[in-house]
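Chain by chain, the residues:
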Amino acid sequence: MVPPHLRTPAKIAIAGLSKSFATRHGPFVALDNITLSIPRGNFCTIVGPSGCGKTTLLRILAGLETASAGIAEVAVDEPGKPLNAMVFQGDSIFPWMNVWNNAAYGLHMRRAPRAQVREVVTRYLDRTGLLPFADRYPHQLSGGMKQRVAIARAFATDPEILLMDEPFSALDEQNRTLLQEELLRIWDEDKKTVVFITHSVDEAVTLGDRIVVMTAHPGRIKRIVEVPFERPRNVLALRADPAYGALVFRIWGELRDEVDRARRQEAEAGA
Amino acid sequence: MSLSPRARDRLIGLASPAVLLLLWEALARFGWIDARFFPAPSSIATTFVRLSRSGELWDNLTVSLGRLAWGSLIGGVPALLLGLAMGLYRPVRAIVDPLVAATYPVPKSAILPLMLLVFGLGEASKIAMVALGVFYPVIINTTAGVLEIERIHLDVGKNFGATGWQTFRTIALPGAAPLIMAGVKLGAGMGLILIAIAEMIGAQSGIGYMIWNAWQLMSVDTMFVGLVVIALLGFAFTWMLDEIERRLLPWKARG
């Protein structure tokens, strides 16, 4: 374990990061010169129009893609812990494992001691309200419950950082609000560094300490906005706050041009 | 009469073969069909009892079952492992796929003479035939099963640090299991066909031999007993594999 006084302030350091893919029409630049420093314990949300490369950024941080140029580094505080755990967009839990084994997956892969698995998985299933469903298989669960399993799986792994790729985008409004609340409650306990991608400005403001607004293709950072609301937050009370509305409005203003631009690009590509 | 549609279907399902057997019995007894070729069901049943009392039937059945078991194991296990590797690793697929595609269309029965040449008239050639029959459906279905696994599940494995073997065991095998089971069922049917053929040529035991020998001796009753036993075997295998599937893949259960 790295002693606290020796830790660098940035938990995630991204510098000059670019990613391009080879396509039939030549190279496609998904990310262009991204530089971003995320402090320890920060809940960083990233918003941008679809196709702006935000998922690519997350996949590079997750080690699922490699950067074409630049660096993306995660400071290691406790060697031996996994570097990151991702909550994927869509159905990512294994249909062939019950809720318990899905939540325990990361721990099983690290061959964690049995007692630790039992303790940690019980804790996170309890916190996500899934303990009574530990024996169920995914086909017996609702969409909201499946995403809870994915969140429990990521938290139970106890990684250095958490990566979330639009984890609630497939859920209905009510479920989404409930899960946002649950996520904040669980996160408040040990305040891990989080990078959370969303296309919802509301969600970004509700959850984040800091919002990174990205441009349309090629993905660049347009603006970084600090969110002043204190924690712990109550999702519904927060939405009644006029300052919340003002901030959402401001970020929408930043985003609007980019969404329009993304739309024009799509139209041109289609023509 | 008030029966649910399902109960009625089941009743009809039992009645229709029974009626056919009765009709057959009547036709044979009244001499409307040639009882030398189509002996009455009652006389087949008598032969069945006689053959099982003398032990002849059980001896042949045990021999066939043993060959089926060894053949399934020798053909199925490598097919399973190779299929998993083909599904997971592109280079393995590139090497093995053309070989499978080139040899699969050759009718397995056409390979029997070659098998007899290579493995001789003993057990090995029969086992090899069953193994061949089981190998292809299992390897093809296993590969397809792994390729059908959602990309996101492989990403999850990678993200949570699964090693190659862990990916094999926790994602590729269970993810492909439904198609693997379908392949095993096809393979079992294929094995049954091939063991019957293999035992008819160059064998001195087994159900296939029993049928062939009965033909040569014009002992038609015995021939029909062999056919009934093979039909029952196929039925039993299907039932057994369905049951295994139900227990092995509880997550596939609908409702």
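Residues numbered from 1 in each chain as written. Chains lettered and ligands numbered in written order. Predicted model: local features only at pLDDT ≥ 70, side-chain atom pairs only at ≥ 80, totals over all residues.

### Details of the overall build of chain A
Right, on to step 1. Per the secondary structure count, chain A includes nine helices and nine strands.
Right, on to step 2. What you see for chain A is a C-alpha radius of gyration of 19 Å, in line with the 18 Å of a compact globule of 271 residues.
Right, on to step 3. If one aligns the C-alpha atoms of chain A with their principal axes, the spans along those axes are about 55 × 45 × 40 Å.
Right, on to step 4. By residue count, 39% of the 271 residues in chain A fall in the buried class.
Right, on to step 5. In chain A, the share of contacts with a sequence separation of at least 24, taken over all contacts with a separation of at least 6, comes to 74%. (Helix = DSSP H or I, 4+ residues; strand = E, 2+ residues; numbered from the N terminus. Rg over C-alpha atoms; globule rule 2.2 N^0.38 Å. Buried ≥ 20, exposed ≤ 12 C-beta atoms within 10 Å, placed from the backbone. Contact = placed C-beta atoms within 7 Å.)

### Side note on the overall build of chain B
Right, on to step 1. From N to C terminus, chain B includes ten helices and zero strands.
Right, on to step 2. When its helices and strands are written in sequence order, chain B yields α-α-α-α-α-α-α-α-α-α.
Right, on to step 3. Over its C-alpha trace chain B gives a radius of gyration of 23 Å, far above what one expects of a compact globule, namely 18 Å for 255 residues.
Right, on to step 4. The principal-axis extents of the C-alpha atoms in chain B amount to approximately 75 × 60 × 30 Å.
Right, on to step 5. Within chain B, the proportion of its 255 residues that are buried is 35%.
Right, on to step 6. Of all intrachain contacts in chain B linking residues separated by at least 6 positions in sequence, the fraction that spans at least 24 positions is 72%.

### Quick look at the environment of D209 of chain A
All names here are of chain A.
Right, on to step 1. Tracing the backbone shows D209 in the loop between α7 (201-207) and β8 (210-214).
Right, on to step 2. On a C-alpha basis, the gap between D209 and E230 in space is 8.9 Å, while along the polypeptide they are 21 residues apart.
Right, on to step 3. Residues within four places of D209 in sequence aside, it is in contact with N42, F43, C44 and V227.

### Points about the nonpolar core
Right, on to step 1. With 72 residues, the main nonpolar core has V47, A103, A152, A156, L163, V195 and I251 of chain A as its most contacted residues.
Right, on to step 2. Take this core: its biggest share by element is seven residues, from helix α5 (residues 143-156) of chain A.
Right, on to step 3. One finds A172, M190, A196 and Y209 of chain B within the second-largest nonpolar core, a separate group that totals 49 residues. (Core = buried A, V, L, I, M, F, W, Y, C linked by C-beta atoms within 7 Å.)

### Regarding the domain arrangement of chain B
Right, on to step 1. As assigned here, chain B comprises domain 1 (1-38) and domain 2 (41-252).
Right, on to step 2. Of note, the centres of domain 1 of chain B and domain 2 of chain B, computed from C-alpha atoms alone, are 32 Å apart. (Domains from an automatic or database assignment.)

### Here's the deal with the interface of chain B and chain A
Right, on to step 1. Contacts between chain B and chain A engage 14 residues on the former and 18 residues on the latter.
Right, on to step 2. Counting residues per element, the side of chain B that touches chain A draws most heavily on helix α7 (residues 151-159) of chain B, which supplies six residues.
Right, on to step 3. For the side of chain B that touches chain A, the per-class residue count stands at seven nonpolar, five polar and two charged. (Nonpolar A, V, L, I, M, F, W, Y, C, P; charged D, E, K, R; others polar.)

### What to know about the sheet that holds strand β1 (residues 10-23) of chain A
Residues and elements named next belong to chain A.
Right, on to step 1. Pairing is antiparallel in the open sheet, where three strands are placed in the order β2-β1-β4. Each edge of the open sheet carries a strand with a single partner, namely β2 (26-39) and β4 (69-74). Between one strand axis and the next, the sheet turns by 20° as a mean value, whatever way the strands run.
Right, on to step 2. As paired elements, β1 and β4 share five bridges and run antiparallel to each other. By the bridge assignment, I14 is partnered in β4 with A72.
Right, on to step 3. Contacting β1, β2 and β4, helix α1 (residues 54-61) runs over the sheet at an angle of about 65° to β2. (Pairing = 2+ DSSP bridges. Axes fitted to C-alpha atoms, helices over the stretch in contact; angles between N-to-C directions.)

### Considering the domain arrangement of chain A
Residues and elements named next belong to chain A.
Right, on to step 1. According to the domain assignment, chain A consists of domain 1 (4-83 + 163-270) and domain 2 (92-158).
Right, on to step 2. Summarising the inter-unit geometry, the C-alpha centres of domain 1 and domain 2 are found 25 Å apart.
Right, on to step 3. Domain 1 puts eleven residues into the contact, and the matching count from domain 2 is 13 residues.
Right, on to step 4. Among the residues making up the side of domain 1 that touches domain 2, the classes are represented as eight nonpolar, one polar and two charged.

### Topic: the sheet that holds strand β3 (residues 43-47) of chain A
All names here are of chain A.
Right, on to step 1. If you walk across this open sheet you meet the six strands as β5-β6-β7-β3-β8-β9, and the pairing is mixed. A strand with exactly one partner marks an edge of an open sheet, and here the two such strands are β5 (84-87) and β9 (221-226). Averaged over neighbouring strand pairs, the angle between their axes works out to 15° when direction is ignored.

### Re the confidence of the model for chain B
Right, on to step 1. Taken as a whole, chain B shows an average pLDDT of 91; of its residues, 98% reach a score of 70 or greater.
Right, on to step 2. As a predicted assembly, this complex carries a pTM of 0.82 together with an ipTM value of 0.89. (pLDDT = per-residue confidence, 0-100.)

### Some details on the confidence of the model for chain A
Right, on to step 1. Overall, the prediction assigns chain A a mean pLDDT of 90, with 97% of residues at 70 or greater.
Right, on to step 2. Across chain A, the secondary-structure element scoring lowest on mean pLDDT is helix α9 (residues 242-270) of chain A, at 88, and the one scoring highest is helix α2 (residues 99-103) of chain A, at 96.

### As for helix α8 (residues 164-200) of chain B
Think of an α-helix as 3.6 residues a turn; residues three or four steps apart then line up on the same face.
Residues and elements named next belong to chain B.
Right, on to step 1. Over its 37 residues, α8 runs only 45 Å from end to end, short of the ideal 54 Å by more than 12%, given 1.5 Å per residue.
Right, on to step 2. Where α8 bends most, at A177, the angle is about 60°, and the proline P178 comes one to four residues later.
Right, on to step 3. A positive backbone phi angle near 65° is found at G202, which sits one or two residues after α8. (Expected span 1.5 Å × (residues − 1). Bend = angle between axes of the 7 residues up to and from the residue.)

### Notes on the packing of helix α3 (residues 56-88) of chain B against helix α9 (residues 207-216) of chain B
Residues and elements named next belong to chain B.
Right, on to step 1. For the pair α3 and α9, the least separation of the axes is 7 Å and the interaxial angle reads 130°. By the angle between their axes, α3 is oblique relative to α9. Between α3 and α9, the contacting residues are N60, L61 and S64 on the first element and I207, Y209 and M210 on the second.
Right, on to step 2. Among the residues making up the contact of α3 with α9, the classes are represented as four nonpolar, two polar and no charged. (Parallel < 35°, antiparallel > 145°, perpendicular 65-115°, else oblique.)

### Thoughts on α7 of chain B
Right, on to step 1. Buried within α7 of chain B are the following residues: H153, V156, G157 and N159 of chain B. Taken down its axis, α7 of chain B places every buried residue within 165° of arc, on the same side.
Right, on to step 2. On its buried face, α7 of chain B is in contact with β5 of chain A together with α8 of chain B.
Right, on to step 3. Following α7 of chain B by one or two positions, G161 of chain B adopts a phi angle in the positive range, close to 75°. (Arc of directions from axis to C-beta.)

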